[in-house]
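Observations on the model geometry
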Amino acid sequence: MGEMKGKASLEFEHPPVIVSAASVVGKKEGEGPLGPLFDQVEQDDMCGKDNWEQAESALQKQAADKAIEKGGLRKTDLRYLFAGDLLGQLIATSFGTVDLEIPLFGLYGACSTMGEALSLGAMAVNAGYANQVLAMASSHFATAEKEFRFPLAYGNQRPMSATWTVTGAGCVALAGDRKEGLAKITGITTGRMVDMGTKDSMNMGAAMAPAAFHTIEQNLEDFQVNETWYDKIITGDLGEIGRTILLDFMKNKGRDLSELHMDCGMEIYDKEQQDTHAGGSGCGCSAVTLCSYILPKIQDGTWKRVLFVPTGALLSNISFNEGQSIPGIAHAVVIEHIDG
C-alpha cells in the first residue's frame, strides 16, 4: 500500500490522482493577480446570506459542487469528505456541507488544513479504504476577524506584520482508480507542533515559519533528497515576514530556497494595489491558490514535482486572551506531474 519514510513521511505505492479542483473566492481575491484563474468570484462577500458564517458555508458548498461537476463525478461516488475551516466547532464546514450527504471528517489545522485534508484523503485512497474522496478548506475575512481579532465595525489599525484572511474555498477530488488527472500525490510529511514563544496574533508569519522549516527539513531528511529535488517548495501563508524567517533558517542549514520557494499568501494579492500588508492568510489561501494556480502548472509540466506546505498558527481567542504562545504547524504534500 505504501512505505513509511523516516520519522514522519509516507511514500504511496499507488499515488492518488487529483481528478479535479475548484476555487470560489470573494471580490477582493478576484481583483488580485490570480483573479482570472478562479472558477467563481463572488461579488457579494455575504453570498446573499444573513451573516458572514453562512456566507463561508456557501463558499464551501459551491466549491464542492464545482469540483464534483468538473470531475464528472456524482455525490454518491464519494466515500469521504475531509474538510475544515477556522471557526469554532468548524461551523462553516458542518453547516456548509450537510446537503452533500457525504461522510465527513471535520478537520482543524488552522491555515494548514488543506495540507491535512489532502494528506488524510490520500492515505485513505492509497490504502484502499476509499475509491474517491474530496479534500476542502475555506476561510472568510470577516468571520476570521470576528473570531480572532476585532469586530469589523471597530475599525482598528492593522500593523504591517498582519496578513489579510482570504475569502474563499478550495476543493479537490482524489481518486485511486484513475490514470489521468491534474496531478498525483506521491507522498506526504506530517508536521508536528513547533512553539518558539511567539505571542503576537498580528504576526502569524513569525509563528508559522519555524514549523514550515521543520516540516521541510523533515521531508528532505525522510526522503533522503535535497531541496533541488523539487521544482517549487510552496508554503501556505507565511507572508513577507514569515518567508524571510524561513529563508534565513534554511540558509543556516546550508540550503538556498530563494529561487525555489513560493508563498501562496504573497501570490494571491497585489501588495501595491490592494494594501494587504504582509500578504494573504487563512485556510482558503493555500486551498484556492492550489486549485487555481499550482495544479495547472503541474498538469502542463511547468513544474514536475512540488512540495506543497500549508502552514497554520494553532491559537484560539481563548488561548490568546490567556496570554499563551502560538504554536505553529505545517503539513507537506508531494504533488507530481502525471507523465503521458
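For the protein, the name recorded in an unreviewed UniProt entry is Stage V sporulation protein AD, with Enterocloster lavalensis as its organism.

This brings us to the overall build of the protein. Counting secondary structure elements, the protein contains 11 helices and 17 strands. In terms of overall dimensions, the protein is globule-like: its C-alpha atoms have a radius of gyration of 18 Å, near the 20 Å expected for 340 residues. Considered along the principal axes of its C-alpha atoms, the protein spans approximately 55 × 50 × 35 Å. Out of the 340 residues belonging to the protein, those deemed buried represent 59%. About 13,900 Å² of surface is accessible on the protein, with carbon and sulfur atoms providing 48% of the total.

Closest axis-to-axis distance for the helix α2 (residues 52-70)/helix α5 (residues 141-148) pair is 8 Å, and the angle between their directions is 135°. Taken together, the axes of α2 and α5 lie oblique to each other. For α2 against α5, the interelement crossing comes out left-handed. Residue-level contacts link W52, E53 and E56 of α2 to A142, T143 and K146 of α5. Class assignment of the residues belonging to the contact of α2 with α5 gives a composition of 2 nonpolar, 1 polar and 3 charged.

Turning next to the domain arrangement of the protein. Many analyses report the size of an interface as the accessible area lost when the parts associate. Splitting the protein by domain gives domain 1 (15-173) and domain 2 (182-334). Using only C-alpha atoms to locate each centre, domain 1 and domain 2 end up separated by 18 Å. Facing 57 residues of domain 1, the contacting portion of domain 2 comprises 51 residues. Carbon and sulfur atoms supply 68% of the area buried between domain 1 and domain 2, which totals about 4,200 Å² over both sides. Put simply, domain 1 and domain 2 have 0 salt bridges between them. At the level of elements, β3 (17-25), α1 (27-30), α4 (113-126), β7 (132-139), α5, β8 (164-165) and β9 (168-175) are the ones that each hand at least two residues to the side of domain 1 that touches domain 2. Top contributing element to the side of domain 1 that touches domain 2 by residue count: β3, with 9 residues. Taken together, the residues of the side of domain 1 that touches domain 2 sort by class into 32 nonpolar, 17 polar and 8 charged.

Right, let's get into α5. Of all 8 residues that make up α5, 6 are buried, and the element is covered over most of its length. Along α5, the residues that are buried comprise F141, A142, T143, A144, E145 and F148. On its buried face, α5 is in contact with α2, β7, β8 and α11 (317-321).

Turning to the side chain of D85, a few remarks are in order. Within the secondary structure layout, D85 lies in the loop between β5 (80-84) and α3 (91-96). With relative accessibility at 0%, the residue D85 sits in the buried group. Setting aside residues no more than four positions away along its own chain, D85 makes contact with E56, Q60, L90, I91, A92, T93, L107, Y108, S138 and C283.

As a further point, take the nonpolar core. Side chains of a nonpolar character, in soluble globular proteins, are inclined to be buried together. Core analysis: the biggest nonpolar cluster contains 77 residues, and V172, I185, I294, L295 and I335 have the highest contact counts within it. It is helix α10 (residues 283-299) that contributes the most residues to this core, 10 residues altogether. Taken domain by domain, this core gets at least three of its residues from each of domain 1 (15-173) and domain 2 (182-334). When residues no more than four places from it in sequence are discounted, the contact partners of V172 are I18, S20, A21, M114, L118, V133, L134, A135, L290, C291 and L295. Counting 25 residues, the second-largest nonpolar core is a separate cluster that includes V17, L100, A173 and I338.

To continue, consider α10. What sets the pattern is the α-helix's 3.6 residues per turn: residues three or four places apart point alike. Taking 1.5 Å per residue, 17 residues should reach 24 Å; α10 reaches 23 Å between its end C-alpha atoms and fits that length. Of all the bends found along α10, the most pronounced is centred on L290 and spans about 50°. The element α10 is extensively covered by neighbouring structure, given that 14 of its 17 residues are classed as buried. G301 occupies a position one or two residues after α10 and carries a positive phi of about 90°.

Next up on the list: the packing of aromatic side chains. A full pass over the atoms with the stated rule returns 8 aromatic pairs. Both rings, one in Y80 and one in F82, keep their centres 6.2 Å apart while their planes meet at 70°; by these two values the pair is edge-to-face. Judged by its relative accessible area of 5%, F82 is buried. Note on F223 and W229: the rings are 6.3 Å apart at their centroids and 25° apart in plane angle, and the pair reads as stacked. Residue class for W229 comes out partly exposed when judged on its relative accessible area of 29%. Through successive ring pairs, a cluster of aromatic residues spans Y80, F82 and F105. The ring of W229 has R305 sitting right over it, with the charged end atom 3.9 Å from the ring centre.

Positive phi values are uncommon outside glycine, yet A110 reaches one of about 55°. Summarising the element assignment, A110 is placed in the loop between β6 (104-107) and α4. The backbone of D275 shows a phi angle near 50°, a positive value even though the residue is not glycine. When you line up the elements, D275 lands in the loop between α9 (271-274) and β13 (280-281).

Definitions and limits used
Residues numbered from 1 in each chain as written. Predicted model: local features only at pLDDT ≥ 70, side-chain atom pairs only at ≥ 80, totals over all residues. Heavy atoms only, no water. Helix = DSSP H or I, 4+ residues; strand = E, 2+ residues; numbered from the N terminus. Rg over C-alpha atoms; globule rule 2.2 N^0.38 Å. Buried < 20%, exposed > 50% of the residue type's maximum accessible area, 1.4 Å probe, protein only. Areas by Shrake-Rupley, 256 points an atom, 1.4 Å probe, with all protein chains shown as cover. Axes fitted to C-alpha atoms, helices over the stretch in contact; angles between N-to-C directions. Parallel < 35°, antiparallel > 145°, perpendicular 65-115°, else oblique. Left-handed = near helix turned anticlockwise from the far one by under 90°. Contact = heavy atoms within 4.5 Å. Nonpolar A, V, L, I, M, F, W, Y, C, P; charged D, E, K, R; others polar. Domains from an automatic or database assignment. Buried area = accessible area lost by both parts, 1.4 Å probe. Salt bridge = Lys/Arg side-chain N within 4 Å of Asp/Glu carboxyl O. Core = buried A, V, L, I, M, F, W, Y, C linked by side-chain atoms within 4.5 Å. Expected span 1.5 Å × (residues − 1). Bend = angle between axes of the 7 residues up to and from the residue. Phe/Tyr/Trp six-rings, centres within 6.5 Å; stacked < 30°, edge-to-face > 60°. Lys NZ or Arg CZ within 6 Å of the ring centre and 35° of its normal.

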